[in-house]
Amino acid sequence: QAINEQNKSYELYTPRLSSQARERLALESDLRMALNQGTQLELFYQPQIDLANGRMTGVESLIRWRHPLHGLLSPARFISLAEQSGLISPLGDWVLQTACLQGLSWERAGLPPITIAVNLSARQFNEPRLMATVQAVLEASGLDPHRLELELTESATMQDPEKTIAILRQLRELGIQVAIDDFGTGYSNFNYLKRFPVDKLKLDQSFVSELTADPDDLAISRAVIAMAHQLRLGVVAEGVETEGQLALLAAAGCDTIQGYYVGRPMPAVDLTQLLQNGVNLPPEKRRGYSRTL
Ligand code: C2E
Ligand code: MG
Ligand code: MG
Ligand code: MG
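- Under the annotation held in an unreviewed UniProt entry, the protein chain carries the name EAL domain-containing protein and is attributed to Chitinimonas lacunae.

Dropping the structure here:
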């Protein structure tokens, strides 16, 4: 009897598990092919607006995959798969190289200078070859290292904090900027934060999304901004979608905003257009504008 029941649940459970596993395997082999072929992957770029002058001062590069069957896939669908299968190394190389070449092409076109932010996954950051790769890509592309910004999550930096400090020093010696992504959602170890040589914190969008409705989120956002400034770090707010959120962030002294309110992630051609036309956030929406006038 007991054996029968076990068998039953085994039969019920296995097919679902294996179909999921099969789907994963298929996607993994598709990704491998996409990386070899090089035409299905694309970087989108999302504007970052400086609240001191209302101008676009940077972009974040965000990967997309034009899958021949499944359409445009967002990174949530394939980044963890890439990490687990080891494909994150070639994928990360491709992203870094594509972003640097795009940055150089904007620079060469005489467009206003912007920084190009690139996301590094935990595994990529902790690979021994990271420094060599970054240096090689910078040299091959010819992009000014000051234009490159690397985004790391707290979990990536906390795997081996002492090693992280050493790598961050080397990156910054090259002139590269470093931002802590999704700040406030990870370990937030202040002992290390004070020792990490980074340039910026990216306030996670989970604090921004309810900013106008939830006083606790406003309190956290203000505290993060104040702390960052005391530590001589800049703050980029992620996921800014409304004028109300922008107003509260500007009043709190936030340095930079990124989000649908100022622009969605877009193909390079569209970002080029935006750079040519110029973004100009009106003075009353910038930081430090006196609302008592
Ligand atoms: P992230 O680095 O925190 O990127 C911000 C995410 O928020 C992006 O999602 C962006 O499209 C989205 N976003 C921006 N503004 C808004 C907004 O106003 N509202 C809302 N609801 N969302 C907004 P995306 O492009 O789907 O990327 C998700 C995550 O995938 C990224 O989070 C990053 O961790 C990872 N990722 C993206 N590109 C790469 C890459 O090239 N390499 C690696 N390793 N990871 C990447
Ligand atoms: Mg990011
Ligand atoms: Mg983020
Ligand atoms: Mg995120």
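Following the structure, the description resumes.
1. Observations regarding the site of ligand 1
Turning to step 1, where the next piece is worked out: Around ligand 1, 22 residues are found, and the nearest of them are Arg64, Asn119, Asp181, Glu241 and Tyr260.
Turning to step 2, where the next piece is worked out: At 2.9 Å, a side-chain N or O of Asn119 approaches an oxygen atom of ligand 1.
Turning to step 3, where the next piece is worked out: Protein burial of ligand 1: of its 800 Å² of free accessible surface, 81% is covered by the chains.
Turning to step 4, where the next piece is worked out: A molecule is said to occupy a pocket when more than half its atoms come within 2 Å of that pocket's grid points, and by this definition ligand 1 occupies the largest pocket.
Turning to step 5, where the next piece is worked out: Secondary structure elements with two or more residues in the shell around ligand 1: β2 (56-67) and β6 (177-183).
Turning to step 6, where the next piece is worked out: Looking at the shell around ligand 1, the element that brings in the most residues is β2, giving four residues.
Turning to step 7, where the next piece is worked out: Residue classes in the shell around ligand 1 are distributed as eight nonpolar, seven polar and seven charged.

2. Focus on the pattern of salt bridges
Turning to step 1, where the next piece is worked out: Summed over all chains, the structure comprises 13 salt bridges.
Turning to step 2, where the next piece is worked out: Glu28 is paired through a salt bridge with Arg32; the nearest N and O atoms lie 2.9 Å apart. With Glu28 and Arg32 both in helix α1 (residues 2-37) and four residues apart, the pair spans about one turn of that helix.
Turning to step 3, where the next piece is worked out: Ionic contacts of the salt-bridge type, sharing partners, join the residues Glu60, Glu151, Lys202 and Glu238 into one network.

3. Considerations on the pairing of strand β5 (residues 148-153)
Put simply, side chains in a regular strand alternate between the two faces of the sheet.
Turning to step 1, where the next piece is worked out: Burial analysis of β5 places five of its six residues in the buried class, which makes it a mostly covered element.
Turning to step 2, where the next piece is worked out: Of the strand pairs in this sheet, strand β4 (residues 115-119) and β5 are connected by four bridges, and their pairing is parallel. Following the sheet pairing, Val118 is matched in β5 by Leu150.

4. Quick word on the packing of aromatic side chains
Turning to step 1, where the next piece is worked out: Under the definition given, this model contains three aromatic pairs.
Turning to step 2, where the next piece is worked out: Seen from their ring centres, Trp65 and Phe78 are 5.4 Å apart, and the 85° between their planes marks the pair as edge-to-face. Of the two residues, Trp65 is situated in strand β2 and Phe78 in the loop between β3 (71-73) and α2 (79-85); the sequence distance between them amounts to 13 residues. Assigned by exposure class, Trp65 and Phe78 land together as buried.
Turning to step 3, where the next piece is worked out: Between Tyr192 and Phe196, the ring centres sit 5.9 Å apart and the planes meet at 20°, which makes this aromatic pair stacked.
Turning to step 4, where the next piece is worked out: Residue Tyr192 is classed as partly exposed on the basis of its relative accessible area of 21%.
Turning to step 5, where the next piece is worked out: Over the ring of Tyr260 we find Arg264; its NZ or CZ atom is 3.8 Å from the centre of that ring.

5. A look at the coordination of the magnesium ion (ligand 3)
Turning to step 1, where the next piece is worked out: The protein atoms that coordinate the magnesium ion (ligand 3) are Asp181 (OD), Asp182 (OD), Glu238 (OE) and Glu238 (OE), at distances of 2.1 to 2.4 Å.
Turning to step 2, where the next piece is worked out: Along the chain, the residues donating to the magnesium ion (ligand 3) are arranged with the sequence spacing D-D-x55-E.
Turning to step 3, where the next piece is worked out: In this structure, the magnesium ion (ligand 3) is positioned 4.0 Å from the magnesium ion (ligand 2), and both are ligated by Asp181.
Turning to step 4, where the next piece is worked out: We classify Asp181 as buried; its relative accessible area is 7%.

6. Points about the nonpolar core
Turning to step 1, where the next piece is worked out: One finds Leu31, Trp106, Leu171 and Leu249 to be the most contacted residues of the largest nonpolar core, which totals 81 residues.
Turning to step 2, where the next piece is worked out: Looking at this core, the element that brings in the most residues is helix α3 (residues 88-108), giving nine residues.
Turning to step 3, where the next piece is worked out: Setting aside its immediate chain neighbours within four residues, Leu249 contacts Leu203, Val208, Leu211, Ile225, Ala237, Val240, Cys254 and Ile257.

7. Description of the layout of surface pockets
Turning to step 1, where the next piece is worked out: By volume, the largest pocket is sized at about 880 Å³.
Turning to step 2, where the next piece is worked out: Residue lining of the largest pocket: 33 residues in total, with Glu60, Leu62, Pro75, Asn119 and Asp181 positioned closest to the centre.
Turning to step 3, where the next piece is worked out: Elements supplying a minimum of two residues to the lining of the largest pocket: β2, α2, α3, β4, α4 (122-125), β5 and β6.
Turning to step 4, where the next piece is worked out: It is β2 that contributes the most residues to the lining of the largest pocket, five residues altogether.
Turning to step 5, where the next piece is worked out: Space inside the second largest pocket adds up to approximately 250 Å³.
Turning to step 6, where the next piece is worked out: Every residue lining the second largest pocket is listed: Gln20, Ala21, Glu23, Arg24, Ala26, Leu27, Asp30, His70, Arg77, Ser80 and Leu81.
Turning to step 7, where the next piece is worked out: Every element with two or more residues in the lining of the second largest pocket is listed here: α1 and α2.
Turning to step 8, where the next piece is worked out: Per-element accounting of the lining of the second largest pocket gives the leading share, seven residues, to α1.
Turning to step 9, where the next piece is worked out: Looking at the lining of the second largest pocket, its residues break down into four nonpolar, three polar and four charged.

Cut-offs and rules
- Residues numbered from 1 in each chain as written.
- Chains lettered and ligands numbered in written order.
- Predicted model: local features only at pLDDT ≥ 70, side-chain atom pairs only at ≥ 80, totals over all residues.
- Heavy atoms only, no water.
- Near = heavy atom within 4 Å.
- Polar contact = N/O pair within 3.5 Å; in protein donor to acceptor, adjacent residues only side chain to side chain.
- Areas by Shrake-Rupley, 256 points an atom, 1.4 Å probe, with all protein chains shown as cover.
- 1 Å grid on protein atoms, 1.4 Å probe; cavity = no way out; pocket = protein on both sides within 12 Å on 5 of 7 lines; lining within 4 Å.
- Sits in = over half its atoms within 2 Å of the grid points.
- Helix = DSSP H or I, 4+ residues; strand = E, 2+ residues; numbered from the N terminus.
- Nonpolar A, V, L, I, M, F, W, Y, C, P; charged D, E, K, R; others polar.
- Salt bridge = Lys/Arg side-chain N within 4 Å of Asp/Glu carboxyl O.
- Buried < 20%, exposed > 50% of the residue type's maximum accessible area, 1.4 Å probe, protein only.
- Pairing = 2+ DSSP bridges.
- Phe/Tyr/Trp six-rings, centres within 6.5 Å; stacked < 30°, edge-to-face > 60°.
- Lys NZ or Arg CZ within 6 Å of the ring centre and 35° of its normal.
- Donors = N, O, S within 2.8 Å, 3.2 Å for Na, K, Ca; no water.
- Core = buried A, V, L, I, M, F, W, Y, C linked by side-chain atoms within 4.5 Å.
- Contact = heavy atoms within 4.5 Å.
- Points joined across faces, edges and corners; volume = space filled by probe spheres on them.

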